[in-house]
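The lines below spell out each chain.
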Amino acid sequence: MKDKEKKIDDFLLDRLPEAEKAAFEAALAADADLSAKVKVQEEIIGGLAVVGRDQFKERLRRIQAEVRAEGDVSAVPLKEERSRRWMLWAGLLALGLLLTLLWLTRTKTVEPAVIYADVFEVYDISISQRDPSERDLMEELDAYYRNREYDRFITRLDGQEGLYPHHPELYLSLGISYLETNQLEKADEVLLTLENSEYQAYKDHARWYRALAALKGKDIDKTKLLLEDLVNDTGADHHQEAKRLTQRL
Amino acid sequence: MNEHSEQTLLAMLRGDEQRQIDQALSQLYRHYYEPVQQLILKNSGTADEADDIFQEVLWAFYTQLRSGKLTLQCTIKTYLYSVARNMWLNELRKRSNKPDMVETDEFIVLEENHLATMMLTERNQEMAKLIRSLGEQCQEILTYFYFDRFRMKKVAALMGFANEQVAKNKKSKCLKKLKALVQEKRHRFQL
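None of these values were measured; they are calculated from a predicted model.

The rules behind the values
- All residue numbers refer to positions counted from 1 along the written sequence of the respective chain.
- As a convention, the first chain written is A and the first ligand written is 1, with the rest following in written order.
- Owing to the predicted nature of the model, reporting of local features is limited to residues with pLDDT of at least 70; listing and counting of side-chain atom pairs is limited to 80 or more, with chain, interface and lining totals taken over all residues.
- Put simply, DSSP H or I for four residues or longer makes a helix, DSSP E for two residues or longer makes a strand, and each gets a number counted from the N terminus.
- Any residue whose C-beta has 12 or fewer other C-beta atoms within 10 Å is treated as exposed, any with 20 or more as buried, and any in between as partly exposed, C-beta atoms being built from the backbone.
- Two residues qualify as being in contact provided that their C-beta atoms, derived from the backbone, are within 7 Å of each other.
- Here the expected length of a helix is defined as 1.5 Å per residue gap, with one fewer gap than residues.
- In this analysis the local bend is the angle between axes fitted, respectively, to the seven residues ending at and the seven residues starting at the residue.
- Polarity classes work like this: nonpolar for Ala, Val, Leu, Ile, Met, Phe, Trp, Tyr, Cys and Pro, charged for Asp, Glu, Lys and Arg, and polar for all others, with Gly in that last group.
- Each nonpolar core comprises buried Ala, Val, Leu, Ile, Met, Phe, Trp, Tyr and Cys residues, the members being joined through C-beta atoms within 7 Å.
- In this analysis, axes come from line fits to C-alpha atoms, helices being fitted only over the stretch in contact, and the angle between any two N-to-C directions falls in the range 0 to 180 degrees.
- For classification, angles of less than 35 degrees are called roughly parallel, those exceeding 145 degrees roughly antiparallel, those between 65 and 115 degrees roughly perpendicular, and all remaining angles oblique.
- Note on convention: near helix rotated counterclockwise from far helix by under a right angle means a left-handed crossing. Clockwise means right-handed.
- One confidence number per residue, pLDDT, is output by the predictor and ranges from 0 to 100.
- Relevant arc is that of directions from the helix axis to the C-beta atoms, nothing else.

Peer 1: Can you break down the overall build of chain B residue by residue, with the values?
Peer 2: When you go through chain B residue by residue, the secondary structure sums to nine helices and zero strands. Secondary structure elements of chain B occur, N-terminal to C-terminal, as α-α-α-α-α-α-α-α-α. A buried classification covers 30% of the 191 residues belonging to chain B. Within chain B, counting contacts between residues at least 6 apart in sequence, those at least 24 apart form 60% of the total.

Peer 1: Could you give an account of helix α2 (residues 18-41) of chain B, naming the residues involved and the relevant values?
Peer 2: A rise of 1.5 Å per residue sets the reference length of α2 of chain B, with its 24 residues, at 34 Å; its end C-alpha atoms lie 32 Å apart and thus fit the reference within 8%. Maximal helix bending in α2 of chain B amounts to about 50 degrees, located at Y32 of chain B; proline P35 of chain B follows within four positions.

Peer 1: Kindly report on the interface of chain A and chain B, identifying the contributing residues and their values.
Peer 2: Contact residues are listed per partner, giving 33 residues for chain A and 40 residues for chain B. When residues of the side of chain A that touches chain B are traced back to their parent elements, those giving at least two are α1 (2-12), α3 (32-70) and α4 (79-110) of chain A. For the side of chain A that touches chain B, the element with the most residues is α3 of chain A, which contributes 23 residues. Class assignment for the residues of the side of chain A that touches chain B results in 15 nonpolar, six polar and 12 charged.

Peer 1: Hey, could you go over the nonpolar core for me, with residue numbers and the actual values?
Peer 2: Counting 33 residues, the largest nonpolar core has L179, V190, L194, Y209, A211 and L212 of chain A as the members making the most contacts within it. Counting residues in each nonpolar core, the second largest holds 30 residues, with I53, L58, L80 and V83 of chain B among its members.

Peer 1: Can you explain the environment of D51 of chain B? Please cite residues and give values.
Peer 2: Summarising the element assignment, D51 of chain B is placed in helix α3 (residues 47-66). Through-space distance from the C-alpha of D51 of chain B to that of Y33 of chain B is 8.5 Å; in sequence the pair is 18 residues apart.

Peer 1: Give me the lowdown on the packing of helix α1 (residues 6-14) of chain B against α2 of chain B, citing residues and values where you can.
Peer 2: The packing of two helices is summarised by the inter-axis angle and the distance between the axes. Residue and element names in this part refer to chain B. Running from amino to carboxyl end, α1 crosses α2 at an angle of 135 degrees, the nearest separation of the two axes being 8 Å. With respect to their mutual orientation, α1 and α2 come out oblique. Viewed along their axes, α1 and α2 form a crossing whose handedness is left-handed. From α1, L9, M12 and L13 reach across to α2, where they touch Q20, I21, Q23, A24 and Q27.

Peer 1: So what about the packing of helix α6 (residues 136-147) of chain B against helix α8 (residues 164-184) of chain B? Which residues, and what values?
Peer 2: Residue and element names in this part refer to chain B. Close contact between α6 and α8 brings their axes to 9 Å; oriented N to C, the two are set at 105 degrees. With respect to α8, the element α6 is oriented roughly perpendicular. Together, C138, I141, L142 and F145 of α6 and A167, K170, K171, C174 and K177 of α8 make up the contact between the two elements. A class-by-class count of the residues in the contact of α6 with α8 yields six nonpolar, no polar and three charged.

Peer 1: How would you summarise the environment of T246 of chain A if you had to cite specific residues and measurements?
Peer 2: Residue and element names in this part refer to chain A. Position of T246 relative to the elements: it lies in helix α12 (residues 239-248). In this structure the C-alpha to C-alpha distance between T246 and I220, which are 26 residues apart in sequence, comes to 9.7 Å. Discounting residues that sit within four places of it in the chain, T246 has contacts with K224, L227 and V231.

Peer 1: Break down the confidence of the model for chain B for me, with residues and values.
Peer 2: Looking at chain B, pLDDT values average 86 and 91% of them are 70 or higher. Both scores are given for the predicted complex: the pTM is 0.56, the ipTM 0.86.

Peer 1: Give a description of helix α6 (residues 135-146) of chain A that names residues and reports values.
Peer 2: Residues and elements named next belong to chain A. When the terminal C-alpha atoms of α6 are compared, their 16 Å separation across 12 residues agrees well with the 16 Å that a helix rising 1.5 Å per residue should span. Of the residues making up α6, those classed as buried are M138, L141, Y144 and Y145. Viewed end-on, α6 has its buried residues packed into an arc of 125 degrees, placing them on one side of the element. Set apart from the buried face of α6 by more than 90 degrees, the exposed residues are R135 and D136. Contact partners of the buried residues in α6: α7 (150-157) and α8 (168-180). Backbone geometry just downstream of α6 places R148 in the positive-phi region, at approximately 60 degrees.

Structural data, given as structure tokens:
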């Protein structure tokens with residue numbers, strides 16, 4: 001059996017002397033079984049050519065790398081080096097894209113002024129007198145507020161707001177005036193007073209504008225925190241706006 | 001590193017010493033890679049393609065030398081350059097009907113069927129898959145014997161077997177195992 005295998009090997013590897021080769025070829029023509037065996041072994045050698053080629057090329061790559069390391073051939077870098085360079089460039093490009101993306105994201109989040117401008121709407125409120133003695137003042141303030149003359153509104157009321165604790169709308173409009181004139185701490189303070197007051201109907205409005213004050217002040221965490229209650233309470237005033245704003249942030 | 005004459009290089013490549021074979025291949029790289037690279041680069045190719053072509057050329061050269069089928073009628077450089085030129089011309093023909101070839105070195109005209117003997121078929125690839133499913137030791141033994149054409153004594157030494165007979169037995173078992181796999185896949189190979 002092994003002799004036959006060796007004979008087939010020698011025949012296929014072209015190691016038989018001419019006379020033996022001729023005899024083997026004659027046997028092949030007459031013996032179908034032998035012919036089939038030779039064919040299988042020939043197929044195997046063909047497959048080993050593929051396996052051997054892959055291993056050989058691996059050896060060549062190693063040799064090429066060594067030759068390159070010795071600097072004996074042209075300056076064109078190795079395939080692997082080119083690949084590494086390509087990867088470096090790809091890496092730099094990816095980093096650039098990432099930084100751009102981060103910058104864009106940053107733009108989105110650290111440019112709250114843009115978002116503020118999108119979401120801010122003046123709360124439509126009428127400032128009305130509670131007492132006849134307040135009439136002139138309240139009418140004047142109402143006019144300033146409606147005309148968006150916030151500075152005049154604030155100046156007119158300066159130091160007097162504490163005198164009108166029964167005017168929740170006054171507190172709200174004052175808070176919004178501070179907000180629009182960028183006096184954010186004062187806006188928060190006034191609106192917080194309103195939020196904690198007995199006027200429950202103004203609580204959500206106060207919370208919403210406090211959130212906008214925080215947004216304008218670029219305090220995103222505080223903005224989100226203030227919006228939380230409005231988002232969680234589906235029946236709250238400004239619920240939908242709060243939800244949308246939270247998503248944008 | 002010592003530089004060898006062409007005759008010595010050929011003897012080294014035909015021999016059984018892997019270290020010497022690698023030394024010879026290294027010398028081929030150092031002396032003959034650049035002309036092939038220039039040919040490819042000046043004919044619409046890339047450096048990667050030059051690498052691939054040169055590897056194919058060396059593989060063909062090595063295989064034909066070891067099978068005893070190659071008798072050089074020119075210098076190694078001319079032969080390698082000519083084979084590379086043929087391979088690249090074939091590649092360019094796939095891309096264009098009438099490729100213009102910028103000649104960068106001296107070459108010989110090779111017979112049409114010269115490269116055909118080195119073409120690996122789909123069937124070879126299928127068989128290679130079966131071979132790769134054998135263990136690593138079997139793959140090595142069979143590759144040393146059939147691809148590198150090392151004698152069994154050399155295979156035994158390379159594999160660290162006690163003697164030639166152990167190598168023969170192992171090779172026989174691997175072949176038997178592979179044939180059984182082929183039998184299983186007989187319908188695919190239509191043997």
